[in-house]
Amino acid sequence: MRRPVNDVSRSRLNLLGAVGLMALLAGCGDGIPKDKDKDDGKPPPAQTAALSVFAGDPTADGTMDGTGTAARFNNPHGLAIDSSGNVYVADRGNYVIRKITPDGVVTTLAGGAGQSRLTNGAAANARFVNPVALTVGSGGTVFVADDVNIRSITTGGQVATVTTIPVGSNIATASRPDVTPGMIAVDANNNLYITNNYGTRRFAIGAGGTGILEGQNTVGDLFGTRTLAPRGVAVDSSNVVYLFDLEREISRWNPTANFGSDNLFTIAGAPNVRGAVNGTGNAARFEQVVALTVDPQGNLYAADAVNNLVRKITPAGVVTTVAGTTRATTLRVGDLPGSLGDIRGIVTNGKGLLYVTSGNSIVKISLP
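Residues numbered from 1 in each chain as written. Predicted model: local features only at pLDDT ≥ 70, side-chain atom pairs only at ≥ 80, totals over all residues. Heavy atoms only, no water.

### A short note on unusual backbone geometry
Where we set the bar: Strands are runs of DSSP state E lasting at least 2 residues, helices are runs of H or I lasting at least 4, and numbering of each runs from the N terminus.
Look at the link from Leu336 to Pro337: it is a cis peptide, with omega at 15°. Note that Pro337 resides in the loop between strand 24 (318-323) and strand 25 (346-348). Positive phi outside glycine occurs at Tyr95, with the angle close to 65°. Relative to the helices and strands, Tyr95 is located in the loop between strand 4 (87-91) and strand 5 (96-100).

### Thoughts on the pairing of strand 22 (residues 300-305)
Stated formally: The buried label applies to any residue whose accessible area, calculated with a 1.4 Å probe on protein chains only, is under 20% of its type's maximum; exposed applies above 50%, and partly exposed to all values in between. Strands qualify as paired when DSSP identifies two bridges or more between them.
Of all six residues in strand 22, six are buried, a share of seventy percent or more. Summarising the sheet, strand 21 (residues 288-294) and strand 22 pair through six bridges and their orientation is antiparallel. Directly across from Ala291, in strand 22, lies its bridge partner Ala303. Between strand 21 and strand 22, which follow one another and run antiparallel, lie five residues, and Gly298 among them has a positive phi close to 90°. Note that strand 22 and strand 23 (residues 309-313) share five bridges and pair antiparallel. The residue bridging Ala303 from the neighbouring strand is Val310, located in strand 23. The hairpin formed by strand 22 and strand 23 contains three residues between the paired strands, and Val306 there has a positive phi angle of roughly 70°.

### A few points about the pattern of salt bridges
For the record, the criterion: The salt bridge definition used is simple: a Lys or Arg side-chain nitrogen within 4 Å of an Asp or Glu carboxyl oxygen.
According to the stated counting rule, one finds ten salt bridges in the structure shown. Arg151 is the partner of Asp146 in a salt bridge, and the nearest nitrogen-oxygen pair spans 2.7 Å. Across the pair Asp178 and Arg226 runs a salt bridge, and its minimum N-O distance is 2.4 Å. Residue Asp178 is found in the loop between strand 11 (158-164) and strand 12 (183-186), and its partner Arg226 is found in the loop between strand 15 (210-215) and strand 16 (233-235); the two are separated by 48 residues along the sequence. You can call Asp178 buried: its relative accessible area is 13%. Taken together, the shared-partner salt bridges connect Asp65, Asp91 and Arg98 into one network.

### Observations concerning the layout of surface pockets
Under the convention used in this document: Cavity: a set of points on a 1 Å grid over the protein atoms alone where a 1.4 Å probe fits but cannot get out. Pocket: an open set with protein on both sides within 12 Å along at least five of seven lines, its lining residues, like those of a cavity, having an atom within 4 Å of a point. Grid points are joined across faces, edges and corners, and a volume is the space filled by probe spheres set on the points. Under the scheme applied here, ten amino acids are nonpolar (Ala, Val, Leu, Ile, Met, Phe, Trp, Tyr, Cys and Pro), four are charged (Asp, Glu, Lys and Arg), and all others, including Gly, are polar.
Quantified by volume, the largest pocket comes out at close to 1,000 Å³. Lining the largest pocket are 45 residues; nearest its centre among them are Ile81, Val136, Val235, Val294 and Thr348. Elements that contribute at least two residues to the lining of the largest pocket include exactly strand 3 (76-81), strand 8 (131-136), strand 12, strand 16, strand 21 and strand 25. The class makeup of the residues in the lining of the largest pocket is 22 nonpolar, 18 polar and five charged.

### With respect to the confidence of the model for the protein chain
Applicable threshold: How sure the predictor is of each residue is captured by pLDDT, a score from 0 to 100. Only heavy atoms enter the contact rule, under which two residues are in contact if any of them lie within 4.5 Å.
Here the protein chain shows a mean pLDDT of 89. Residues at 70 or above account for 87%. Across residues 1-39, confidence stays below pLDDT 50; counting only partners more than four residues off in sequence or on other chains, it has eight contacts.

### Overview of the environment of Thr210
Checked against the element boundaries, Thr210 lands in strand 15. The sequence separation of Thr210 and Tyr193 amounts to 17 residues, and the corresponding C-alpha distance is 9.8 Å. Sequence-distant contacts of Thr210, that is, excluding residues within four places in its chain, are made with Arg201, Arg202 and Phe203.

### Focus on the environment of Ala122
In this structure, Ala122 sits in strand 7 (residues 121-122). With 38 residues separating them along the chain, Ala122 and Ala160 place their C-alpha atoms 9.1 Å apart. With sequence-adjacent residues up to four places away left out, Ala122 is seen in contact with Gly157 and Gln158.

Below you can see the structure in the form of structure tokens.
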């Protein structure tokens, strides 16, 4: 039986309406989803691990130059970075200074592997005694804390001794680590900031003037076996100095202030209290902050040794853990927090990347 004319017309109108609606949706981008992989032929982007090995092998030492994990270090300590993103390493166990390009290519910048002595001159002929920390000046000169000497490596590859930290009288040989600089930083005016176990000093390159931010210039009558316990120090673009002070707190010193511990402003931590507690200001706890670095926003990142953690301290003093598992001793890469082993140095490129030592390797951390 034939449908009534009005039913047929209605069916045609419905069909035309559906076609029009589909055309409208397609024009608005709400049509049937496309299979993008089939359309553009591009695979999905590879996921980069937040924590990965940048250079070296965490469990194997050596002296080999090379790229990435093919390179070898021996007890690397302090890290620094230049304006081109090259990372410099105080390769303490090898008595040399290493350079790592942003692509992970490792070369020996200065010194002779396995040769510990004080020799200035061309980089390949120079020798270091005990390089533990370094920093890069605005002109590209690398400054190295080498036993009680501060050395410089120019962009032309010449090594010189800038100054020698004074040592008090009657210091037993086994006590010498107490007077040895453990960390170093430089400001835009070429003032060096140097920490050891009894003080923090500013040394003006060229002018030769020294000021004591905290503690003493020299100490004497030291006996017994002491161990090097570096205290982190960093300087921001405004020449404000940040340090892990003698009372185990993270403090700030304004370059317009007078010298003396009364002019240190505490940001986080409690006097002479150890721990691994996050929190704000005095509620936070640290174990041994052996290195500090500061980003352009004024956030500090601390290498908290023994705890083997990377801690973040905001300008407001809020402390969180960025990477690491408390007191872990082995490296675990991948998603944060992962774990780190034997952390000794840290530096930021100011663009969301941290470089940190872990065992005999340098690891890269991509911040969230």
